[in-house]
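The residues making up each chain are set out below.
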Amino acid sequence: MKSGGYVYILTNHKMGTLYIGSTSNLVVRIWQHKHKEIPGFTSRYNVNKLVYYEWHDSLQEMVRRERQLKEWQRGWKIKLIIQKNPEWIDLYPNILRDSGYSPE
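Rules and cut-offs
Residues numbered from 1 in each chain as written. Predicted model: local features only at pLDDT ≥ 70, side-chain atom pairs only at ≥ 80, totals over all residues. Heavy atoms only, no water. Helix = DSSP H or I, 4+ residues; strand = E, 2+ residues; numbered from the N terminus. Polar contact = N/O pair within 3.5 Å; in protein donor to acceptor, adjacent residues only side chain to side chain. Buried < 20%, exposed > 50% of the residue type's maximum accessible area, 1.4 Å probe, protein only. Contact = heavy atoms within 4.5 Å. Pairing = 2+ DSSP bridges. Axes fitted to C-alpha atoms, helices over the stretch in contact; angles between N-to-C directions.

Asker: Which residues make up the side chain of Thr11, and what values go with them?
Answerer: Inspection of the secondary structure puts Thr11 in strand 1 (residues 5–11). Here Thr17 takes part through its backbone oxygen, which lies 2.8 Å from a polar atom of the side chain of Thr11.

Here is the structure:
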């Protein structure tokens, strides 16, 4: 069993509103965002497209990185996304497939 977790960035559209979060189960957490299971910012602003994520081997490192990214300037966050996902595609179908699930 993995003991670390993911830091992820969601958006509502390319270059749109950004949300940074962390979780130990990326598939479930993004599903919750997509189905508005989590009341608050992401459901209110329809921020549910996974455009970036990274794995951390420890929960401490995951939390440290999440806090770091939340303090970054918007331009730095956009640059980070573009480096890994220049087209801003929703990565959720990919992580579903990689996890053995069928995309929605």
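Asker: Just give me the short version of the side chain of His33, but keep the residues and values in it.
Answerer: Checked against the element boundaries, His33 lands in helix 1 (residues 26–34). The class for His33 is buried, based on a relative accessible area of 2%. In this view, His33 contacts Tyr8, Leu10, Tyr19, Ile38, Thr42 and Asn48; residues no more than four positions away in its chain are not counted.

Asker: Residue-level account of the environment of Asp98, with values.
Answerer: Assignment of secondary structure puts Asp98 in helix 5 (residues 92–98). For Asp98, a relative accessible area of 66% corresponds to the exposed category. Separated by 93 residues in the primary sequence, Asp98 and Gly5 have C-alpha atoms spaced 16 Å apart.

Asker: Which residues make up the sheet that holds strand 2 (residues 18–23), and what values do they have?
Answerer: Spatially, three strands are ordered 2-1-3 in an open sheet, and the strand pairing comes out antiparallel. Each of the sheet's edge strands pairs with one partner strand only, and the pair in question is strand 2 and strand 3 (49–56). Averaged over all neighbouring strand pairs, the angle between strand axes comes to 20 degrees, with direction disregarded. Here strand 1 pairs with strand 3 via seven bridges, running antiparallel. Each bridged residue has a counterpart across the sheet, and for Ile9 the counterpart in strand 3 is Tyr52. This element, helix 4 (residues 74–84), spans strand 1, strand 2 and strand 3 of the sheet and lies at about 70 degrees to strand 2.

Asker: Account for the pairing of strand 2, with residues named and values stated.
Answerer: Of the strand pairs in this sheet, strand 1 and strand 2 are connected by six bridges, and their pairing is antiparallel. Bridge pairing in strand 2 places Tyr8 opposite Gly21. Connecting the antiparallel pair strand 1 and strand 2 is a turn made up of six residues, with Met15 showing a positive phi of about 65 degrees.

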